[in-house]
Structures are given as structure tokens and as C-alpha cells.
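One-letter residues, chain by chain:
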Amino acid sequence: MTYCVGMRLEEGLVFLADSRTNAGVDQIGTFRKLSVFENPGDRVMVMMTAGNLSISQSIRELIGDFKSANGYTIWTAPNLYEAARAVGEALRTVHEREAQALTRFGIDFNQAIIFGGQVAGERCRLFQIYSAGNFIESHAESTYFQIGESKYGKPILDRVVTRATPLDEAAKCALISMDSTLRSNISVGLPLDMLVYENNSLAVTRFVTIDEKNQYFQMLRSTWGEQLKRIFEGIEAPHWQAMPHNAHEPVRMPLPLSITPNAPSAPLQSVAQQMANNQQ
């Protein structure tokens, strides 16, 4: 399992990936899932992968020289859309070569890719590519993509990140999203790879690998946990004396559907009536 998140913002792009792989609780490994394809001044492309590690590595090795049906490689594609098409077709090529053999051994062909960057002359773009090689692109309504173990880190992204979020704030939010995932799922682990790309830089200028000794990440983890606890404790306890919708109506306390020992079974109609009364 893994967790990767990519964001497309007005100022640029943010990519964050963990590096843990596991084939059981006693087979834990560290493999980097974020790869950069860079021709400074012309294009920067970032790929993050989730799924079967052998498939991920096969795709990474293949796409550098792979030529799409349109005759483009990722290095010659006139825009990032055509580069994403080349990645998708490379993924289908690996599927044609490996899927049948994997199926015979009871292994699913599963792969998810976040692919983004910028080609000189166009804006930053971000894509999510599926196992079939098809893909979708991030637009104003979809600020970020997640692959892998995404559910734990999603709430903070939904609450905080918008297209106008500054890159540093988005990077901080991505790290909090990752921390939430690390705390809830042992199949996601350090070290992390983070790349922040500024519009039109056409070069990698902000990249960091974060391990357990990284002071900023440790500060962020402890501060976020303490602030969450403080906010939680500041919220008042539930009110058990429910107020009526209309101040002139008498307060009618709801009752649970109760079953007492050795009591005769109530007719179905009376049980339904009891439920209806409780809902009034």
C-alpha cells in the first residue's frame, strides 16, 4: 500500500509520496514512488505510482523511451496531455505483457498514477491515470488527486485546499494529510518525497526527502495533534435534553425500541406504531 497526493494550484504544483511497500507484516520495504523527468528550460514532469511494485518499476523504466501511437515520447510531446497519453499507452503495454501471467498466479493487475508538470509554452497540468491507461485531468473543480490509501488524509484536504491556496500552505496541508494516514495505517510509512513546483520555473528547485529525523515534520505532527485535542476539548458536550422545534409544543422525549426479558412479543403493528410515535 502507499499514499500519494498531487495538487494543482494557481501558483504551481505540489507532489507528496510515501515510500513503504509491504507483502505481509514481516516483509516491509522502502521503494521510492516519486520519479522526476526533467529537461531544464523545456519541461518538468513528475510521476507518482501506487499498486503492484513490479508494474510500477516496469512503467518507470519503459516510459523514458516509449513512443505513443501519435509518435511522441514524453520528451517530444508538444504538451502534457500528449505526454500523459504516452504514459497511459506504456501502462497498457505492460498490461498486455504481464497481466495474463499475473492472473494465473492470482495477482491482480493494479496500478494508479499521478502524472503532472509543465511543458514550455503551456500552463501546469495534473492527471490521474488508471490501470486501463485512461486518465482524467485536474480542473478548477478538482484541486487534488490521491492514490493509494487515501481516505485518512482526505478530510483535511477538502477543508483547506483551494486553487488559490499558496504553495507553502498547500505543502503544509499535504504533510498533515500524510501524517493522518501514517497514524491510521501501518502500510504507509516514512521516508516521504515532496516536490513543490512553481509556475514557469521549468526546473526542479524545491525537493526534499523527509525521514523520522526531519525537525519540521516532527514539529508539525506534534503541533497538529495538540491543536486538534485543544479544539476538541473546547467544544461543549452534547445536550441530552432535546428542545422542541416549536417553543409552544410540549417536549416529547424520544424513546429507544426496547425489548425486556421474558416479555411477550409485541405485534408487528404495535412495534411499527411505537417507531412512528418516537419519530413524531
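To keep things clear, this report deals only with the structure shown in the data block. (Residues numbered from 1 in each chain as written. Predicted model: local features only at pLDDT ≥ 70, side-chain atom pairs only at ≥ 80, totals over all residues. Heavy atoms only, no water.)

**Here we look at the overall build of the protein**
Within the protein, the secondary structure is distributed over six helices and twelve strands. Counting the 280 residues in the protein, one finds 41% classified as buried. Residue pairs in contact within the protein that sit at least 24 positions apart in sequence constitute 62% of those at least 6 positions apart. For the protein, the exposed area adds up to about 16,100 Å²; of that, 54% sits on carbon and sulfur atoms. (Helix = DSSP H or I, 4+ residues; strand = E, 2+ residues; numbered from the N terminus. Buried < 20%, exposed > 50% of the residue type's maximum accessible area, 1.4 Å probe, protein only. Contact = heavy atoms within 4.5 Å. Areas by Shrake-Rupley, 256 points an atom, 1.4 Å probe, with all protein chains shown as cover.)

**Regarding the pattern of salt bridges**
Scanning all chains against the criterion turns up 16 salt bridges. For Glu 169, the salt bridge identified is with Lys 172, shortest N-O distance 3.4 Å. With Glu 169 and Lys 172 both in helix 4 (residues 167-184), this residue pair falls three residues apart, about one helical turn. On the basis of relative accessible area, Lys 172 is assigned to the partly exposed category, the value being 32%. A single network of salt bridges, built from pairs that share partners, joins Glu 122, Arg 123, Arg 125 and Glu 137. (Salt bridge = Lys/Arg side-chain N within 4 Å of Asp/Glu carboxyl O.)

**Side note on the side chain of Ser 35**
As for its placement among the helices and strands, Ser 35 is situated in strand 5 (residues 34-39). Under the relative-accessibility criterion, Ser 35 is labelled buried at 10%. Residue contacts for Ser 35: discarding those within four places in its chain leaves Met 45, Val 46, Met 47 and Arg 60.

**Description of the environment of Leu 80**
Mapped onto the elements, Leu 80 comes out in helix 2 (residues 80-104). Owing to a relative accessible area of 0%, Leu 80 belongs among the buried residues under this scheme. Expressed as a C-alpha distance, the spacing of Leu 80 and Gln 118, which sit 38 residues apart in the sequence, is 6.6 Å. Among residues more than four places away in sequence, those in contact with Leu 80 are Met 45, Phe 115, Gly 116, Gly 117, Gln 118, Val 119, Glu 122, Arg 125 and Phe 127.

**Here's the deal with empty space enclosed by the protein**
Throughout the structure, instances matching the rule amount to one cavity of 30 Å³ or more. Its boundaries defined by the atoms lining it, the largest cavity holds a volume of some 60 Å³. As for the largest cavity, its lining consists of Arg 32, Lys 33, Ser 35, Met 47, Thr 49, Leu 53, Ser 56, Gln 57 and Arg 60. Put simply, the parts of the chain that give the lining of the largest cavity at least two residues each are strand 6 (43-51) and helix 1 (53-63). For the lining of the largest cavity, the element with the most residues is helix 1, which contributes four residues. Taken together, the residues of the lining of the largest cavity sort by class into two nonpolar, four polar and three charged. (1 Å grid on protein atoms, 1.4 Å probe; cavity = no way out; pocket = protein on both sides within 12 Å on 5 of 7 lines; lining within 4 Å. Points joined across faces, edges and corners; volume = space filled by probe spheres on them. Nonpolar A, V, L, I, M, F, W, Y, C, P; charged D, E, K, R; others polar.)

**Side note on the pairing of strand 1 (residues 3-8)**
Within strand 1, six of the six residues are buried, which leaves it mostly tucked inside the rest of the structure. Across the two faces of strand 1 the burial is the same, with Tyr 3, Val 5 and Met 7 and Cys 4, Gly 6 and Arg 8 all buried. Alignment of strand 1 against strand 10 (residues 144-148), held across five bridges, turns out to be antiparallel. Opposite Met 7, over in strand 10, you have Tyr 144 as the bridge partner. Pairing geometry for strand 1 and strand 2 (residues 12-17), over five bridges, is antiparallel. Bridge pairing in strand 2 places Val 5 opposite Leu 16. Linkage of strand 1 to strand 2, two consecutive antiparallel strands, is achieved through a turn of three residues. (Pairing = 2+ DSSP bridges.)

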